[in-house]
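Architecture at a glance
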Amino acid sequence: MNDTGKLRVAVLISGSGTNLQAIIDAVAAGRLNAELIAVLSDNPDAYGLQRAEQAGIVTYRLDFHSFADRTDYDAELHRQLRHIDPDLVVLAGYMRIIADRTVEHFAGRMLNVHPSLLPAYPGLHTYRRALAAGETWHGTTVHLVIPELDAGPPVLQYRVKIHPGETEQSLRERVQTGEYRIYPLCIQWLAEGKLEFREQQPWLDGRPLTAPAIIDETTELKDQHG
Ligand code: NHR
Ligand code: GAR
């Protein structure tokens, strides 16, 4: 926490940073009571770095391709994150697998948003795969990061119904609109203590969360998790 008791958040990005922007906007609007203390990128040209600078957030550019090998890059990311020492690490379109020891250092304090209704469709090209499989529903999931890829416990999902004639592009737009709602909300839940991780399992409102909370495109938050 910082000296006013706010959650200190570091955001990792690789690209355009629209989720980062949603988080910046939520802080500015008073919907998210947290301090964005750093934005790190493995890609020095990520547009999200400009969004961070515009918002007055300290940026760290780690050019993945300038490192001799993966181990060197992983060591530098680990060193930088330990130096920044955030309460929470938020992956927002971050495209590099994070080394086990870094995940373990921030155990229970690292979140990702993945564009599928996990555990369905871990990995890449989720929109294409969901459409090809003739799914009725698709969406996006905020989950705790554990060393195993896209396998950490899901906390909050945003669900959209796949329309007739849906394209990858139209589906991506609808799902990403949902990410801009659920990611800041989930971080705020952590900031206010509504959401906690005990032994890396999510608890919401003092109860173990056995299935993720769900928000639908057309409705508000389901069940008791208001
Ligand atoms: N790290 C760990 N340890 N665990 C997770 O669950 C992680 C993670 C790092 C990133 C995001 C994730 C996603 O939302 C994420 C989750 C990139 C890859 C990947 O294969 C996989 C999952 C995710 C992000 N990256 C390749 C790599 O070698 C590079 C791919 C590329 O450059 O295009 O790191 O989907
Ligand atoms: C987001 O939609 C996120 O779900 C996805 O990339 C986008 C990043 O956009 N993440 C992954 O696919 C991770 N493999 P942004 O940079 O504009 O926030």
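For the structure given in this document, a descriptive report is provided here.

Cut-off values and rules
- Residues numbered from 1 in each chain as written.
- Chains lettered and ligands numbered in written order.
- Predicted model: local features only at pLDDT ≥ 70, side-chain atom pairs only at ≥ 80, totals over all residues.
- Heavy atoms only, no water.
- Near = heavy atom within 4 Å.
- Polar contact = N/O pair within 3.5 Å; in protein donor to acceptor, adjacent residues only side chain to side chain.
- Areas by Shrake-Rupley, 256 points an atom, 1.4 Å probe, with all protein chains shown as cover.
- Helix = DSSP H or I, 4+ residues; strand = E, 2+ residues; numbered from the N terminus.
- Nonpolar A, V, L, I, M, F, W, Y, C, P; charged D, E, K, R; others polar.
- Pairing = 2+ DSSP bridges.
- Axes fitted to C-alpha atoms, helices over the stretch in contact; angles between N-to-C directions.
- Contact = heavy atoms within 4.5 Å.
- Phe/Tyr/Trp six-rings, centres within 6.5 Å; stacked < 30°, edge-to-face > 60°.
- Buried < 20%, exposed > 50% of the residue type's maximum accessible area, 1.4 Å probe, protein only.
- Lys NZ or Arg CZ within 6 Å of the ring centre and 35° of its normal.

As a further point, take the site of ligand 1. Looking at ligand 1, there are 18 residues lining it, with Met95, Ile97, Ile98, Asn112 and Asp150 nearest. Taking Arg70, its side chain carries an N or O atom lying 3.2 Å from an oxygen atom of ligand 1. With respect to ligand 1, the backbone of Asp150 contributes an N or O atom lying 2.9 Å from an oxygen atom. Burial of ligand 1 by the protein amounts to 80% of the accessible area it has alone, namely 720 Å². The element that contributes the greatest number of residues to the shell around ligand 1 is strand β5 (residues 110-114), accounting for three residues. Looking at the shell around ligand 1 residue by residue, the class counts come to 11 nonpolar, three polar and four charged.

Attention now moves to the sheet that holds strand β2 (residues 34-41). Strand order in the open sheet formed by eight strands is β3-β2-β1-β4-β5-β6-β7-β11, with mixed pairing between adjacent strands. Whereas interior strands pair on both sides, the edge strands pair on one side only; in this sheet they are β3 (59-61) and β11 (213-216). Within the sheet, the average angular offset between the axes of one strand and its neighbour, ignoring direction, is 20°. As defined by bridge partners, strand β4 (residues 88-91) adjoins β5 across three bridges and the pair is classed as parallel. Bridge pairing in β5 links Leu91 to Asn112. Packing against the sheet, helix α6 (residues 168-191) makes contact with β1 (7-13), β4, β5, β6 (137-144), β7 (154-161) and β11, and its axis sits at approximately 155° to β7.

Here we come to the sheet that holds strand β10 (residues 207-208). Strand order in the open sheet formed by three strands is β8-β9-β10, with antiparallel pairing between adjacent strands. Looking at the sheet topology across the chains shown, the edges are occupied by β8 (195-198) and β10. Alignment of β8 against strand β9 (residues 201-204), held across four bridges, turns out to be antiparallel. When the bridges of β9 are listed, Leu195 appears paired with Leu204.

In total, this model carries two aromatic pairs according to the counting rule given. Judged by centre distance (5.0 Å) and plane angle (70°), the ring pair of Phe64 and Tyr73 falls under edge-to-face. The same class applies to Phe64 as to Tyr73, namely buried. Considering the side-chain rings of Phe67 and Tyr73, the 5.5 Å spacing of their centres and the 85° angle between planes classify their relative orientation as edge-to-face. Residue classification places Phe67 among the partly exposed positions, given a relative accessible area of 22%. Joined through ring pairs, the aromatic side chains of Phe64, Phe67 and Tyr73 make up one cluster. Its end group placed over the ring of Phe64, Arg96 keeps NZ or CZ at 3.7 Å from the ring centre.

In the neighbourhood of ligand 2, the contacting residues comprise Ser16, Gly17, Thr18, Asn19, Gly93, Met95, Val113, Pro115, Gln176 and Glu179. For ligand 2, an oxygen atom lies 2.9 Å from a polar atom in the backbone of Gly17. Broken down by secondary-structure element, the contributors of at least two residues to the shell around ligand 2 are α1 (18-28) and α6. Among the residues forming the shell around ligand 2, the class breakdown is three nonpolar, six polar and one charged.

With that settled, consider the pairing of β1. Of all the seven residues making up β1, seven are buried; the element is thus mostly covered by neighbouring parts of the structure. Residues Leu7, Val9, Val11 and Ile13 line one face of β1 and the alternating positions Arg8, Ala10 and Leu12 line the opposite face, and both faces are buried. Relative to β2, β1 runs parallel, the two sharing seven bridges. Bridge pairing in β2 places Ile13 opposite Ser41. Judged from the four bridges that link them, β1 and β4 form a sheet pairing that is parallel. By the bridge assignment for β4, Val9 is matched with Leu88.

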